[in-house]
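Okay, here's what each chain looks like letter by letter:
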Amino acid sequence: MFCVGTVYALSTLQIELPRLLGISQSMSFAPFASACFGLSVGVGICASLVTKHGALRTTAAGTAIWGTAMLGTGYLLARSNFYGMLACFALGGIGVGLTYLAVVVMVGQGFPTQPLARSAIGPLGFSSGTAACIVIYNFYQFNVLGAAELGKMLSSGGVGILSAGLITAASLPSDAHRSKNFCTAPKSSDNYYSQTFFSTLLFFNALPGMTVFTVLLPMASNFGSNFGAQVMNDEHFHILPYGMVALGLGGFLAPPISSVLGAKPTFTLLFCVRGLMLVAFSLYPKPAMAMICLTTVLFAHGTGFSVLPGLVKARQAKPVHFTHSYGQVLISWGLSGIVSTAINTVMGSSLEGMRTVSLLLGAAALAFSITLQFVSTAL
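Predicted model only: the values in this text are computed from it and were never measured.

Draft legend 1. Focus on the overall build of the chain. Within the chain, the secondary structure is distributed over 18 helices and 0 strands. A buried classification covers 55% of the 379 residues belonging to the chain. Here the analysis covers contacts within the chain between residues at least 6 apart in sequence; of these, 86% occur between residues at least 24 apart. Within the structure as shown, the chain displays about 14,900 Å² of accessible surface, and the carbon and sulfur contribution to it stands at 69%.

Shown next, in the form of structure tokens:
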């Protein structure tokens, strides 16, 4: 999960693309949208692959696909082939989707009485992978590297991720015999309302976080420059990896929070607090407020992703329907990334653009928290 979690750190590359390839800033957001498109495809087809090959092999294959995509991206970056890079990211996104859902299934099979393991594995992996990439970006100073040098680094990272996938496939036994009857698709009429509701819930829960991840480093760069700080020397930029702790912490604390408050109050609280912080930042765009808002959004992002699998599983007529149903729900995760990219493309990552986006997302979160009170019978 750590390996594919690096997809949330694509802004470490995107921030350099206008300088390296001469494209506009709005076009530099396209790799994230491309990866999110692949992500939706990956989670959508994962259940059938888990049924045929097992969760372990599917996890290894997804990781290897993401590594191959990074290897190809580095090669194409060195040759200034932007559209080829987009194709690689779409392929890599499929790998991310396969790995994410297969790991959730695999951990659920291995620890059936430990919901914390299943719920926290995603946020912990994605937060640590993103934090590691930001640290590497800062340590190697990507902003002074040329396309060939940065491409070589990306290819090297891709080789490492690809190797992890191949070693996993070679060293672990197949669990296809356990998964053969684990991923049956439910009838189209079964829990249609619940699945539609959960897809909508996931979309709105993921949208603020995906919007942040689309422009994480460009946002930090422009925010710092507005307060007279250089990016590589800006303490707010250096603290970003620590901010990723909030994402993992949300996943870790989700089960006890949900068990105490209940699912509906938990999501209502998440949307209300997140909406208020986003609106507050739009009105008071200062560094301290920005960090508070960032950690709130990331914590709620991780908490929502941790609570949702258990809710989806509880609504299934048979446990074997979980993987297919949750995979269909997760399609809206990728969709939220595509929509967030469109929002940032239109608004940009300037301070004024950030304030406008923050206000819109805050209003949407508050509105959805109210809507939850009337349509959340699935909870």
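Draft legend 2. Region of interest: the packing of aromatic side chains. Under the criterion given, the structure shown has 15 aromatic pairs. Centre to centre, the rings of Phe 203 and Phe 204 are 5.3 Å apart; their planes meet at 85°, and the pair counts as edge-to-face. Taken together, the ring pairs connect Tyr 8, Tyr 100, Phe 126, Phe 213, Phe 305 and Trp 333 into an aromatic cluster. Sitting above the plane of the Tyr 75 ring, Arg 79 keeps its charged end 3.7 Å from the centroid. The ring centre of Phe 271 lies 4.9 Å from the NZ or CZ of Arg 274, which sits over that ring.

Draft legend 3. Looking closely at a nonpolar patch on the surface. There is a patch of nonpolar side chains on the surface, built from Val 245, Leu 249, Phe 252 and Leu 253 and spanning about 330 Å² of accessible area. Along the chain, the position of Val 245 falls in helix 14 (residues 245-261). By relative accessible area, which is 52% here, Val 245 ends up exposed.

Draft legend 4. The confidence of the model for the chain, seen in detail. The share of residues in the chain with pLDDT of 70 or more is 86%, and the mean pLDDT across the chain is 85. In this model, residues 227-233 is a region of pLDDT below 50 whose contacts with residues beyond four sequence positions or in other chains number 13 contacts.

Draft legend 5. Spatial organisation of the pattern of salt bridges. According to the stated counting rule, one finds 2 salt bridges in the structure shown. Residue Glu 16 is joined to Arg 19 by a salt bridge in which the shortest nitrogen-to-oxygen separation is 3.0 Å. By relative accessible area, Glu 16 is classed as buried at 4%. Across the pair Glu 352 and Arg 355 runs a salt bridge, and its minimum N-O distance is 3.5 Å. Pair noted here: Glu 352 and Arg 355 are both in helix 18 (residues 351-375), with a separation of 3 residues, about one helical turn.

Draft legend 6. Expanded view of the packing of helix 15 (residues 263-283) against helix 18. One way to put it is that helix 15 packs onto helix 18 with a least axis distance of 7 Å and a crossing angle of 155°. Put simply, helix 15 runs roughly antiparallel to helix 18. In the packing of helix 15 onto helix 18, the handedness of the crossing is left-handed.

Draft legend 7. View of helix 8 (residues 147-171). Taking 1.5 Å as the rise per residue, helix 8 with 25 residues should run 36 Å; its terminal C-alpha atoms sit 36 Å apart, in good agreement. Taken as a whole, helix 8 has its buried residues at Ala 147, Leu 150, Gly 151, Leu 154, Ser 155, Gly 158, Ile 161 and Gly 165. Looking at the packing, one finds that the buried side of helix 8 touches helix 1 (11-14), helix 2 (17-21) and helix 5 (55-78).

Draft legend 8. Region of interest: the environment of Tyr 100. Looking at the secondary structure, you find Tyr 100 in helix 6 (residues 82-110). Residue Tyr 100 is classed as buried on the basis of its relative accessible area, which comes to 3%. Separated by 21 residues in the primary sequence, Tyr 100 and Ile 121 have C-alpha atoms spaced 9.2 Å apart. Every residue in contact with Tyr 100, bar those within four places of it in the chain, is listed here: Met 1, Gly 122, Phe 126, Phe 305, Tyr 326, Leu 330 and Trp 333.

Draft legend 9. Structural view of unusual backbone geometry. Notably, Ser 80 is not glycine yet its phi reads approximately 55°, a positive angle. Note that Ser 80 resides in the loop between helix 5 and helix 6. On the basis of relative accessibility, which here comes to 47%, the residue Ser 80 falls in the partly exposed class. Not every positive phi belongs to a glycine, and Gln 141 is a case in point at roughly 50°. Inspection of the secondary structure puts Gln 141 in the loop between helix 7 (115-140) and helix 8.

Draft legend 10. Expanded view of the side chain of Glu 16. Mapped onto the secondary structure, Glu 16 falls in the loop between helix 1 and helix 2. Among the polar contacts made by the side chain of Glu 16, one reaches the side chain of Tyr 137 at a distance of 2.6 Å. Leaving out residues up to four positions away in the same chain, Glu 16 has contacts with Tyr 137, Phe 142, Asn 143 and Leu 150.

Draft legend 11. How the structure looks around the side chain of Thr 341. Within the fold, Thr 341 resides in helix 17 (residues 322-347). In this view, Thr 341 contacts Phe 29, Phe 32, Ala 33 and Thr 214; residues no more than four positions away in its chain are not counted.

Draft legend 12. View of the packing of helix 14 against helix 15. The interhelical angle for the contact between helix 14 and helix 15, taken along N-to-C directions, is 115°, at an axis separation of 6 Å. Once helix 14 is placed against helix 15, the crossing between them reads as right-handed. Listed contacts from helix 15 to Ile 257, Ser 258 and Leu 261 of helix 14 are Ala 263, Pro 265, Thr 266 and Leu 269. Across the contact of helix 14 with helix 15, the residue classes tally to 5 nonpolar, 2 polar and no charged.

Draft legend 13. Representation of the nonpolar core. Grouped together as the largest cluster of nonpolar side chains are 99 residues, with contacts concentrated most on Leu 77, Phe 126, Leu 216 and Trp 333. Among the elements that take part in this core, helix 6 stands out by supplying 14 residues, more than any other. Ignoring sequence-local partners within four residues, the contact set of Phe 126 consists of Met 1, Val 4, Gly 5, Val 7, Tyr 8, Val 96, Tyr 100, Leu 247 and Trp 333.

About the thresholds
Residues numbered from 1 in each chain as written. Predicted model: local features only at pLDDT ≥ 70, side-chain atom pairs only at ≥ 80, totals over all residues. Heavy atoms only, no water. Helix = DSSP H or I, 4+ residues; strand = E, 2+ residues; numbered from the N terminus. Buried < 20%, exposed > 50% of the residue type's maximum accessible area, 1.4 Å probe, protein only. Contact = heavy atoms within 4.5 Å. Areas by Shrake-Rupley, 256 points an atom, 1.4 Å probe, with all protein chains shown as cover. Phe/Tyr/Trp six-rings, centres within 6.5 Å; stacked < 30°, edge-to-face > 60°. Lys NZ or Arg CZ within 6 Å of the ring centre and 35° of its normal. Patch = residues over 30% accessible without salt bridge, like charges linked within 9 Å, V, L, I, M, F, W, Y side chains within 5 Å. Salt bridge = Lys/Arg side-chain N within 4 Å of Asp/Glu carboxyl O. pLDDT = per-residue confidence, 0-100. Axes fitted to C-alpha atoms, helices over the stretch in contact; angles between N-to-C directions. Parallel < 35°, antiparallel > 145°, perpendicular 65-115°, else oblique. Left-handed = near helix turned anticlockwise from the far one by under 90°. Expected span 1.5 Å × (residues − 1). Polar contact = N/O pair within 3.5 Å; in protein donor to acceptor, adjacent residues only side chain to side chain. Nonpolar A, V, L, I, M, F, W, Y, C, P; charged D, E, K, R; others polar. Core = buried A, V, L, I, M, F, W, Y, C linked by side-chain atoms within 4.5 Å.

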